[in-house]
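Summary of structural features
The lines below spell out each chain.
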Amino acid sequence: MKIISYLFCLLIAFGAMSCIDPYSLDFNQKNSVLVVEGFLTDDSVKPDTIKIQYSNFENEVVSIVPIASVKASVLNVETNEETKLIEQPKGGFLPPKNFKIKIQNKYILKFSLPNGQNYESAPETITPTPAIAKVYDIFNPKSVLSEDGKKYLSANEVYLDTQDPSEQKNYYLWRYIHFERLGFCITCTKSQYSVQTGACSIPLANFNRTAYYDYQCAGDCFSIFKSKQVSVLSDVASNGQLIKGKLIAKIPNYSPTGCLIQIQQISISPEMFLYFKILEAQTQSNGGLADTPPAGIVGNIKNITTPTEKVVGYFGVVSIQKSNYWIDRKDAKSPYELILGHEISVENSTADTSRPPFAPCTASSTRTPIKPDGWQ
């Protein structure tokens, strides 16, 4: 299996831009590439994590390999002020808490690896983002095609309106985080959960009903789903008009109770728009970001030490407008999708009142015990 090499230049009404190079990957061989992604944003409370890591592709499996001892910083081109980024315990880098972007100033991401290789991004500057005017949802009983392609699944489709400024060319990127309350925190396969070990450490040879047990959460727990599909738009055809009915997300019907979606509207540069437009086309043809190795589109990062190396990803400087939207699901109808991917199966009650035990909600990139802002 091989991705065909191509050079994709997008020509639009305002003229030609620089080319972004989606280069060839031979899936029959082992590939390891440096991947950089993340934004420097005007949100100092919840800044984006800038990730610098290797992506390995072997035997049709993608694996992310973190890099230790990376030194990273952002340089203000106008003032020549360089700010060190802070490495995070779980990986990635964040700016200092007192860091604020200066409007109309250009910034460059700089970093060096332990092997002595030095990297820089192209200069990026922030573009003001208009506010989100309105968010609404419509329940669609036949919204999403199932993985087996045999039927359509129901979902609440979330849309927004925003007023595009007339005095400038705008390019938009939308992303979201979707939260669902989770009732069961641990699934044990052919075993039972032990409070003492905090794991599925009680072996069971035989099961009367299913090969697994689900254990209720000991407190609040929320599943985190981040947008997988790339959603970008240019205002070339609608400059200064109301952007109305932009589809942002299709939220599966997981339960009769409501859920929360946190929407981000981001103004991006023309070059960043081109990068994400190619990524959008690539992921749609391959089924989604999870199916596409993050190793196919060279963005604005270059190796200063070894210029021939191709670095994947894009570093941007952006303004973000956010909106919390509560989906009440009053119009939604069953059947419900399986949030854990299987039917719930609980351990039988016995004379032992300590069983079945409750399980903790362990914080991760897909789960949190902290109630999200905007939860109702």
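Residues numbered from 1 in each chain as written. Predicted model: local features only at pLDDT ≥ 70, side-chain atom pairs only at ≥ 80, totals over all residues. Heavy atoms only, no water.

**Quick look at the pattern of salt bridges**
To keep things clear, this is the line we draw: Salt bridges are counted wherever a side-chain nitrogen of Lys or Arg sits within 4 Å of a carboxyl oxygen of Asp or Glu. Helix and strand labels come from DSSP, where a helix needs a run of H or I of at least four residues and a strand needs a run of E of at least two; each type is numbered from the N terminus. Partly exposed describes any residue whose relative accessible area lies between the buried limit of under 20% and the exposed limit of over 50%, with all areas from a 1.4 Å probe on protein chains only and scaled to the type maximum.
One pass over the full model with this rule turns up eight salt bridges. In this structure, Asp 43 engages Lys 322 in a salt bridge whose closest nitrogen and oxygen atoms are separated by 2.4 Å. Of this pair, Asp 43 sits in the loop between β5 (31-41) and β6 (51-58) while Lys 322 sits in strand β27 (residues 310-327), and the two are 279 residues apart along the sequence. Note on Asp 43: relative accessible area 16%, which makes it buried.

**So, the confidence of the model for the protein**
It should be kept in mind that the predicted coordinates are not to be read in detail where pLDDT is low. Cut-off, in case you're wondering: pLDDT is a per-residue confidence score from the predictor, ranging from 0 to 100. Only heavy atoms matter for contacts: two residues are in contact if any of them lie within 4.5 Å across the pair.
Summing up the model confidence of the protein, the mean pLDDT is 87 and the portion of residues at 70 or higher is 87%. Across residues 287-292, where pLDDT falls below 50, the model places eleven contacts with residues more than four positions away in sequence or in other chains.

**Observations regarding the sheet that holds strand β15 (residues 132-145)**
What counts is decided by this rule: Paired strands, in this sense, are two strands between which DSSP finds at least two bridges. Axes, fitted as lines to C-alpha atoms, cover a helix only where it is in contact. Angles between the N-to-C directions of the axes lie from 0 to 180 degrees.
With antiparallel pairing, the three strands of this open sheet are ordered in space as β15-β16-β24. Each edge of the open sheet is held by one strand with a lone partner, namely β15 and β24 (242-252). When strand polarity is set aside, the average angle formed by the axes of neighbouring strands in this sheet is 25°. Strand direction decides the pairing type here: strand β16 (residues 152-163) and β24, joined by eight bridges, are antiparallel. Bridge pairing in β24 places Leu 160 opposite Lys 246.

**Some words on the packing of aromatic side chains**
So the rule is basically this: A pair of aromatic rings is counted whenever rings of Phe, Tyr or Trp (Trp by its six-membered ring) have centres within 6.5 Å, and the orientation is called stacked for planes under 30 degrees apart, edge-to-face for over 60 and tilted otherwise.
Summed over the entire model, instances satisfying the criterion amount to twelve aromatic pairs. Where Phe 111 meets Tyr 119, the ring centres are 4.8 Å apart and the plane angle is 10°; that geometry is what we call stacked. When the centroid spacing of 5.9 Å and the interplanar angle of 45° are considered together, the rings of Tyr 193 and Tyr 215 count as tilted. One end of the pair, Tyr 193, is in strand β19 (residues 191-194); the other, Tyr 215, is in strand β21 (residues 212-216), and 22 residues separate them in sequence. You can call Tyr 193 buried: its relative accessible area is 3%. Taken together, the ring pairs in this structure connect Phe 39, Tyr 275, Phe 276 and Tyr 314 into an aromatic cluster.

**A few points about the environment of Leu 153**
Position of Leu 153 relative to the elements: it lies in strand β16. On a C-alpha basis, the gap between Leu 153 and Ser 143 in space is 5.7 Å, while along the polypeptide they are ten residues apart. Discounting residues that sit within four places of it in the chain, Leu 153 has contacts with Asn 140, Pro 141, Lys 142, Ser 143, Val 144, Ser 146 and Glu 337.

**Topic: unusual backbone geometry**
A cis geometry characterises the amide bond from Arg 355 onward to Pro 356, with omega recorded as 0°. If you trace the backbone, Pro 356 turns up in the loop between β27 and β28 (367-368). Non-glycine residue Ser 69 carries a positive phi angle of around 60°. Among the secondary structure elements, Ser 69 is positioned in the loop between β7 (61-66) and β8 (71-76). Relative accessible area serves as the criterion here: at 54%, Ser 69 is assigned to the exposed category. One non-glycine residue, Gln 104, adopts positive backbone phi at about 70°. Looking at the secondary structure, you find Gln 104 in the loop between β11 (93-94) and β12 (106-112).

**Observations concerning the state of the cysteines**
Stated formally: Criterion for a disulfide: a pair of cysteine sulfur atoms at a distance within 2.5 Å.
Counted according to the given criterion, the structure contains three disulfides. Between the sulfur atoms of Cys 188 and its disulfide mate Cys 200 the distance is 2.0 Å. Residues Cys 188 and Cys 200 are joined by a disulfide whose S-S torsion is about -75°; by sign, that bridge is left-handed. Within this pair, whereas Cys 188 is found in strand β18 (residues 184-189), its partner Cys 200 is found in strand β20 (residues 199-203), the two being separated by twelve residues in sequence. Judged by its relative accessible area of 0%, Cys 188 is buried. Residue Cys 200 is classed as partly exposed on the basis of its relative accessible area of 31%.

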